[in-house]
Amino acid sequence: MTPPPLRSVAAATAAALLAASGILAGTAAAVTVQTVLYVSPSGSGSACTLADPCDLTSARDLVRTLAPGMTGDLTVQLRGGTYRLAAPFQLGPQDSGTGGHTVVYQAYPGERPVLSGGRQVTGFTQVDADKNIWKAPAPAGAQGLQLYVDGQRADRTRSAVNPAGFTKSATGFTTADPSYTAWRNPSDVQIAGLPNWKHLRCPLSGIAAANGGSSLNAAQPCWANTTASPAPGFPFHGSGRPSFDSISWLENAYELLAVPGQFYLDRTGAVDGSGTPQVYYIPRAGEDLATADVELPVLETLVDASGTPGHLAPVNDDDANAGYTGAWTAAKKRGYGDLGDDVHATSTNGDSVSYTFTGTGLDVLGETNSDEGGLDVYVDGVRTASTSAYGSTRLAQQVIASVRGLAKGSHTVKLVKTGGSYLTVDAFTVVPDVVAPVHDLAFRGITFSYATWLQPAGPDGYADNQAGVLWAGSSTQVARTPGAVQVHRGQRISVTGGEISHVGGNAVDLADGTQDSTVTGNRIQDTSGAGVWVGEVDDYYLNDPALMTSGDTVSNNAILNIGREYADAVGIMVGNSRAVTLAHNEIAHTPYSGISIGWGWGWATQGVAQHGTIYSGGNQILANHIHDTMRVLEDGGGIYTLGGQGTGDGGATSVLAGNVIAVSSANDGAAQGIYHDEGSSHWNTYDNVVSQVGSDWTNEWIWTIHDITIHDNYTDTARYTNNGTNVTVTDNTVVSNGSWPQAAKDLAARAGLEPGHKSLMPPAADLLNDGDYGGLMAPAAIAYSGGWSVNSRRSFGDLGSDVHNTAVNGETATIRFTGTGLRVLGELNSDQGQLAVTLDGAPAGTVDTSTSGPRQAQVAIYRIANLPYGNHTVTLTKTSGNQATIDGFQLDHSVNDTDPSLVYSGSWSYTTGRGYGDFNDDVHYTTTDGDSVTATFNGTGAEVVTETNSDEGTTDVYVDGQPRGSVNANTPTRNAQQRVYTVDGLPYGVHTLKLVKTSGSYLLVDRLTYR
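None of the values given here were measured: they were computed from a predicted structure.

Caption draft 1: Quick look at the overall build of the chain. Regarding its fold elements, the chain presents 4 helices and 88 strands. For the chain, the C-alpha radius of gyration of 30 Å lies close to 30 Å, the compact-globule estimate for 1011 residues. Seen along its three principal axes, the alpha-carbon backbone of the chain occupies a region of about 100 × 75 × 70 Å. Among the 1011 residues that make up the chain, the fraction classed as buried is 59%. Within the chain, counting contacts between residues at least 6 apart in sequence, those at least 24 apart form 77% of the total. With 55 positive and 97 negative side-chain charges, the chain shows a spacing of 2 Å between the two charge centroids.

Caption draft 2: Seen up close, the layout of surface pockets. Reported here for the second largest pocket is a volume of approximately 1700 Å³. Taken together, 50 residues make up the lining of the second largest pocket; nearest its centre are Arg-112, Thr-447, Glu-499, Arg-523 and Thr-936. Those elements giving two or more residues to the lining of the second largest pocket turn out to be β3 (81-84), β6 (113-116), β35 (447-451), β41 (499-503), β44 (523-527), β78 (902-905), β81 (932-939) and β86 (989-997). In terms of residue count, β86 provides more of the lining of the second largest pocket than any other element does, 4 residues in total. Looking at the lining of the second largest pocket residue by residue, the classes come out as 13 nonpolar, 27 polar and 10 charged.

Caption draft 3: Up close: the sheet that holds strand β59 (residues 689-691). As summarised here, the arrangement of the 12 strands in space is β3-β6-β35-β41-β44-β47-β50-β53-β56-β59-β62-β65, forming an open sheet in which the pairing is parallel. The sheet is open, and its two edges are formed by β3 and β65 (733-734), each paired on a single side. Taken together, the 4 bridges between β35 and β41 define a ladder with parallel strand orientation. Looking at β41, one finds that Phe-448 is bridged to Ile-500.

Caption draft 4: View of the packing of aromatic side chains. If you walk through the whole model with that rule in mind, you get 28 aromatic pairs. Judged by centre distance (5.7 Å) and plane angle (85°), the ring pair of Trp-453 and Tyr-566 falls under edge-to-face. Here Tyr-566 lies in the loop between β47 (558-560) and β48 (572-574) and Trp-453 lies in the loop between β35 and β36 (462-466), a separation of 113 residues in the sequence. Judged by relative accessible area, Tyr-566 falls into the buried class, the value being 1%. Three or more aromatic residues joined by ring pairs form one cluster here, namely Phe-89, Tyr-105, Phe-443 and Phe-448. Positioned over the ring face of Tyr-378 is Lys-414, at 5.1 Å from the centre of the ring. The positively charged end of Arg-1007 is found above the aromatic ring belonging to Phe-919, 5.5 Å away from the centroid.

Caption draft 5: Expanded view of the confidence of the model for the chain. Looking at the chain, pLDDT values average 91 and 94% of them are 70 or higher. Predicted confidence for residues 1-31 stays below pLDDT 50, and this span has 52 contacts to residues more than four positions away or in other chains.

Caption draft 6: Inspection of empty space enclosed by the protein at higher detail. One pass over the full model with this rule turns up 6 cavities of 30 Å³ or more. The space that makes up the largest cavity amounts to roughly 100 Å³. Gly-144, Leu-145, Asp-188, Asn-252 and Arg-267 are the residues nearest the centre of the largest cavity, which is lined by 14 residues in total. Here the lining of the largest cavity is built from residues that sort into 6 nonpolar, 5 polar and 3 charged.

Caption draft 7: Local environment of unusual backbone geometry. With an omega of 10°, the peptide bond between Gln-220 and Pro-221 qualifies as cis. Secondary-structure assignment places Pro-221 in the loop between β17 (213-218) and α3 (222-227). Here the residue pair Thr-308 and Pro-309 is connected by a cis peptide bond, since its omega of 15° sits within 30 degrees of zero. For Pro-309, the position within the fold is in the loop between β22 (303-306) and β23 (315-316). Of note, Gln-397 is a non-glycine position whose phi angle comes to about 55°, a positive value. Positionally, Gln-397 belongs in strand β31 (residues 395-403). According to the relative accessible area criterion, Gln-397 is buried, its value standing at 2%. A positive phi angle, near 55°, is found at Ala-579, a position not held by glycine.

Caption draft 8: Spotlight on helix α2 (residues 56-66). Residues Leu-56, Ala-59, Arg-60 and Val-63 constitute the buried set of α2. Down the axis, α2 shows its buried residues gathered within 100° of arc, on one side only. Backbone nitrogen of Thr-57 and a side-chain oxygen of the N-cap are separated by 3.1 Å at the start of α2; the cap is Asp-55.

Caption draft 9: Up close: the nonpolar core. Counting residues in hydrophobic clusters, the biggest one holds 69 residues, and the most contacted among them are Leu-78, Tyr-105, Leu-115, Phe-443, Phe-448 and Ile-500. The contacts of Ile-500, once residues within four sequence positions are left out, are Phe-448, Val-485, Val-495, Ala-507, Val-508, Asn-522, Arg-523, Ile-524 and Gln-525. Grouped together as the second largest cluster of nonpolar side chains are 38 residues, Val-399, Ala-427, Met-548 and Tyr-592 included.

Caption draft 10: Inspection of the sheet that holds strand β88 (residues 1007-1010) at higher detail. With respect to topology, 4 strands assemble into an open sheet ordered β77-β88-β82-β85, the strand pairing being antiparallel. Looking at the sheet topology across the chains shown, the edges are occupied by β77 (893-896) and β85 (975-983). When strand polarity is set aside, the average angle formed by the axes of neighbouring strands in this sheet is 25°.

Caption draft 11: Region of interest: the pairing of strand β27 (residues 352-359). Both strand β24 (residues 322-325) and β27 contribute to a ladder of 4 bridges, which runs antiparallel. Each residue of the ladder has a partner; that of Ala-322, found in β27, is Tyr-355. Taken together, the 8 bridges between β27 and strand β32 (residues 409-417) define a ladder with antiparallel strand orientation. Following the sheet pairing, Phe-357 is matched in β32 by His-411.

Caption draft 12: Here's a closer look at the environment of Gly-941. Structurally, the position occupied by Gly-941 is in the loop between β81 and β82 (942-948). Along the sequence, Gly-941 and Phe-89 sit 852 residues apart, while their C-alpha atoms lie 36 Å from each other. Those residues in contact with Gly-941 that sit more than four places away from it in its chain are Val-983, Asp-984, Leu-986, Thr-1009, Tyr-1010 and Arg-1011.

Caption draft 13: Examining the environment of Asp-526 more closely. Mapped onto the elements, Asp-526 comes out in strand β44. Classification of Asp-526 by relative accessible area gives buried; the value is 3%. Along the chain, Asp-526 and Gln-152 lie 374 residues apart, while their C-alpha atoms are 8.9 Å from each other. When sequence neighbours within four positions are dropped, the list of residues in contact with Asp-526 reads Tyr-148, Arg-153, Ser-501, His-502, Val-503, Leu-560, Asn-561 and Arg-564.

Caption draft 14: The arrangement of the state of the cysteines in detail. All told, the structure shown has 2 disulfides when counted by the stated rule. Between the sulfur of Cys-48 and that of Cys-54 lies a disulfide, 1.8 Å long from S to S. When the S-S torsion is 80°, as for the bridge of Cys-48 with Cys-54, the disulfide is right-handed. Using a relative accessible area of 2% as the deciding quantity, one classes Cys-48 as buried. The disulfide partner of Cys-202 is Cys-222, and the gap between their sulfur atoms is 2.1 Å. On the S-S bond that ties Cys-202 to Cys-222, the torsion sits near -90°, and the link is left-handed. You can see Cys-202 sitting in strand β16 (residues 200-210) and its partner Cys-222 sitting in helix α3, a full 20 residues away along the chain. The same class applies to Cys-202 as to Cys-222, namely buried.

Caption draft 15: Representation of the pattern of salt bridges within the structure. Applying the stated criterion across every chain, the model contains 37 salt bridges. For the salt bridge of Lys-168 with Asp-245, the shortest nitrogen-to-oxygen distance reads 2.7 Å. Placement of Lys-168 in strand β13 (residues 166-168) and of Asp-245 in the loop between α3 and β18 (249-251) is noted, with a sequence separation of 77 residues between them. Residue Lys-168 is classed as partly exposed on the basis of its relative accessible area of 32%.

Caption draft 16: How the structure looks around the side chain of His-344. Turning to its location among the elements, His-344 is positioned in strand β26 (residues 342-346). Using a relative accessible area of 13% as the deciding quantity, one classes His-344 as buried. Engagement of the side chain of His-344 in a polar contact is seen with the side chain of Asp-317, the distance being 2.6 Å. Setting aside anything within four residues of it in sequence, one finds His-344 in contact with Asp-317, Asp-318, Tyr-324, Trp-328, Thr-329, Ala-330, Leu-423, Thr-424 and Val-425.

Definitions and limits used
Residues numbered from 1 in each chain as written. Predicted model: local features only at pLDDT ≥ 70, side-chain atom pairs only at ≥ 80, totals over all residues. Heavy atoms only, no water. Helix = DSSP H or I, 4+ residues; strand = E, 2+ residues; numbered from the N terminus. Rg over C-alpha atoms; globule rule 2.2 N^0.38 Å. Buried < 20%, exposed > 50% of the residue type's maximum accessible area, 1.4 Å probe, protein only. Contact = heavy atoms within 4.5 Å. Lys, Arg positive; Asp, Glu negative; His and termini not counted. Charge placed at Lys NZ, Arg CZ, Asp CG, Glu CD. 1 Å grid on protein atoms, 1.4 Å probe; cavity = no way out; pocket = protein on both sides within 12 Å on 5 of 7 lines; lining within 4 Å. Points joined across faces, edges and corners; volume = space filled by probe spheres on them. Nonpolar A, V, L, I, M, F, W, Y, C, P; charged D, E, K, R; others polar. Pairing = 2+ DSSP bridges. Phe/Tyr/Trp six-rings, centres within 6.5 Å; stacked < 30°, edge-to-face > 60°. Lys NZ or Arg CZ within 6 Å of the ring centre and 35° of its normal. pLDDT = per-residue confidence, 0-100. Arc of directions from axis to C-beta. Polar contact = N/O pair within 3.5 Å; in protein donor to acceptor, adjacent residues only side chain to side chain. Core = buried A, V, L, I, M, F, W, Y, C linked by side-chain atoms within 4.5 Å. Axes fitted to C-alpha atoms, helices over the stretch in contact; angles between N-to-C directions. Disulfide = S-S within 2.5 Å. Salt bridge = Lys/Arg side-chain N within 4 Å of Asp/Glu carboxyl O.

Next up, the structure:
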């Protein structure tokens, strides 16, 4: 079978958007610009001119007056600086483009506007010298759950992991330790658990004395929803419901404040008795709270672009607004997938049900089956239609009557049974307003930062269902994490060329039937929740295409370090959708899956008792690069699918092709590469490359997974599971020892960010598994001598869920790499021993991997740094102990002065071929004081390597915007590739290192190394 060609829909879309933006692509605008308005953070003028810019709200209001007569795109340019929003920037249908044109909000050329929901915290004073605790007044009424210091996320106070001595009770957990009863602000405290694929966390309602110890009582309804969660079954969740049975850690108590980088927001002022909110913080090394930018996010949403009718959710058949006339029966627990597990049914013609509501329309959900029949529909006493609920097979939660286009107001819809054996009514969905999307809006080159999300601190807590879909309240309805950039009922909305970072929920959310919208060319990083979310999980029943999520594109985004608080978060999450394209994204460093698409488990699978329909289909997952996923939870994958995708009728088939998934890890080996989970159907999965996963390269584990073709893929593990129905796994290539064929290398070269977007992903140290032999994606190679074994799925937290180990003294592991340093990852345990080390053929000491304490996984058992850049070899030889264990290695990542991670400002020049020993035989240089270069990287440290000479001078150094002193490169003689500055021990994440020339004839930049 010849696989269909890869499509590049996302690439074409991105190119068109960037060309249209002008400032992002450096080209002339592709459309006529009708009007340009200028805004600035301090703007006050009403004219919105370059000389007299107005504020953002005034510009929006002016756009409203201009939009009805648009003859070209209407552009609002935002000058650089921080826009501290007092409330979300609200946009509705009245703010939309008209006449086929777009209202554009974009960065002024060369400047960086930041829309912020944060409030600065200043006035810190030290209050505990022993612990180095500082405090400052918090903004009045502050409720934020996050804090950032110089752009780096601080950690809420937290206990040790898996604290001992707690026993689950009916109301929470008890312990023999009485000290918890003395904790101040117990209702601020949260308890967290990580069972399987879930992240559960509940606030406490209080801490009480109990049997000489303490009872930590969890808030309701969070406790009920995390211990005996609602069980409606498909399509809301599957059969697995891990419970909150043990505490993984306690969080957010002043009494836990002990580690640099931790903070506590005392909302009540109880700690110091002031009665006013205070922020407490222990600074990290190098942080000066007198000058640091400390941000406390207070807004949950920064941009809210909302059309009508917003979110639609069915209510149960026993709703108070429903009236039943005749011989109706309330049937419960039929097991067919009824909403609320109940229906009303009648077998008598002439019986009726009436539903009174305020809105513009109504969908009535019921059952279709061979024993169902005709019904008449009346609207406000007038018969408007006759229809039928007959179907050849039983289907639950089907739209059996739909009314639209009513004048907004109070109406009554009545259904009267006219035929068949039964009329079955299950639910009602009110359409409260006219269908009027917000549309034709673009956000280009804008940074959105510092948003929070408050629900997890309230009584609902964070009762995870899966992947950021939550239980809230006591009903079977679901809730989910909101976005900092939020779109409800949108059409042709685009978010391009910007950054979304430092947010307490999701970054971007295309919600409630948003269509033909685009998220392209952004850096999305440091989120508490997901990166990009598309669609809903509770609108599966829709039969009106105007209300469905469809036609959206998420492409060429760098998505990294997401799920910083909620470990079930996903890089890109898609619910129910049609014709959605996810292409050329790079997704890295996630606690759970990289991409997750679909919902409903086996709901759409024939033969399942709880059976209905899902409108999803025709989606595409193309040429994404996904790596370092599944860092915390289990039972997910690089790409994870769930529930049905169409009916297999040609265009409804979804495509998963051209993706590269590399180095996934999990605590117990439950990290899949491509995971078509329960109910997944109608996928064409081909031309993917899957490397170093903890479990199966593809997993179809149950019969409800059906009608999927998996062919012409490449992998370095033979493990896979196929228990699906009509699922074929054919013509796939398994490689060994890194011997990737050219076709796989070509796929790897095409996957991920396309040219023009690659600089969005900050460079990071390369993390490689113990079985990465070199070749396709490995910048190094490892070789084992003798009888080393591969030991998989040990449940100890191994990288990639496997290790190499040997019991024979004298056997060796040899790592050959190109660079300046590395760390070898192994294990500390009582059965481990010593390993002799040689570096580039010379003895380099020994490392001892034995310990009397508990087993420790992924430990850096050997590290070397600051080597001359080049080819190096490290050999580890087992010399004692029962076992030697190798788990992986991490390489320092060196980049040339031409790397996209470096941005030069000023009058820099570039030269090559000097013959002085420059790295890659080239340098950048400047002779002008004040010129600067800024490096952006992902990691914990960096070093600057360049020339020292008599014509060099001093350079000021800034890390994350804060001064870190000055370095002097002046020496009597010329020396190439000298390390002039090193910073280490930064909190893991994205950082900037800036060099500013201050004296001497020259400042040269040759090489940087990130670690």
